[in-house]
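The primary structure of each chain is shown beneath.
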Amino acid sequence: MKKNLLLITIITVLTILAACGDTEVEADYQTIDLGEVLTKQEEGYTIVDVREVNEYEAGHIEGAINKPLSELREGNFEPLVDDEPYVIICETGNRSQQASDLLSKESYDVINVSEGMSTWQGNVVQ
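What this report covers is the structure whose coordinates are included nearby. (Residues numbered from 1 in each chain as written. Predicted model: local features only at pLDDT ≥ 70, side-chain atom pairs only at ≥ 80, totals over all residues. Heavy atoms only, no water.)

Judged from the 4 bridges that link them, strand E2 (residues 46-49) and strand E4 (residues 85-89) form a sheet pairing that is parallel. The residue of E4 that forms the bridge with isoleucine 47 is valine 87. Pairing of E2 with strand E3 (residues 65-66), which is carried by 2 bridges, proceeds in the parallel orientation. Counterpart to aspartate 49 in the pairing with E3 is asparagine 66. The handedness of the E2 to E3 crossover, carried by helix H3 (residues 53-58), is right-handed. (Pairing = 2+ DSSP bridges. Helix = DSSP H or I, 4+ residues; strand = E, 2+ residues; numbered from the N terminus. Right-handed = clockwise from strand over helix to strand, strands pointing away.)

Structure representation (structure tokens):
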């Protein structure tokens, strides 16, 4: 009887822990592959490169604007406007996800890029 009670207690605790562990919040934006960036640009999205200025100047996608994540974190969103669509890109996909989270919370229309400039195979502008 004690073994059954112990087994039921363990199963109950594990079930509760499993339910509590699933706290991931679904993003309010889409994430695309790197290969879709130029298509989105052709559809009217502006590419926003959230790397720091020196990284952007070393090479970026033609037509992309630079808005470092560090500035976004400080609340500086200029020149972004809330009624324009944006594709957010960085070096590896980490900063773009952070920027997309932040911009989405501020009601910007954003699409995150899962990868970044480190694997970009297209032309770059310096």
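Here the narrative resumes.
To continue, consider the sheet that holds E2. Taken in spatial order, the 5 strands make up an open sheet running E1-E5-E4-E2-E3, and their pairing is parallel. Edge strands, defined here as strands with exactly one partner in the open sheet, are strand E1 (30-32) and E3. Contacting E4 and strand E5 (109-113), helix H5 (residues 94-105) runs over the sheet at an angle of about 165 degrees to E5. (Contact = heavy atoms within 4.5 Å. Axes fitted to C-alpha atoms, helices over the stretch in contact; angles between N-to-C directions.)

With 12 residues, H5 ought to run about 16 Å at 1.5 Å a step, and its terminal C-alpha atoms sit 17 Å apart, in line with that. Inspection of H5 places Ser96, Ala99, Ser100, Leu103 and Ser104 among the buried residues, and these make up the whole buried set. For H5, the buried positions fall inside an angular range of 130 degrees around the axis, keeping them on one side. Along its buried surface, H5 packs onto helix H4 (69-73), E4 and E5. (Expected span 1.5 Å × (residues − 1). Buried < 20%, exposed > 50% of the residue type's maximum accessible area, 1.4 Å probe, protein only. Arc of directions from axis to C-beta.)

Purely geometric numbers; function is a separate question.
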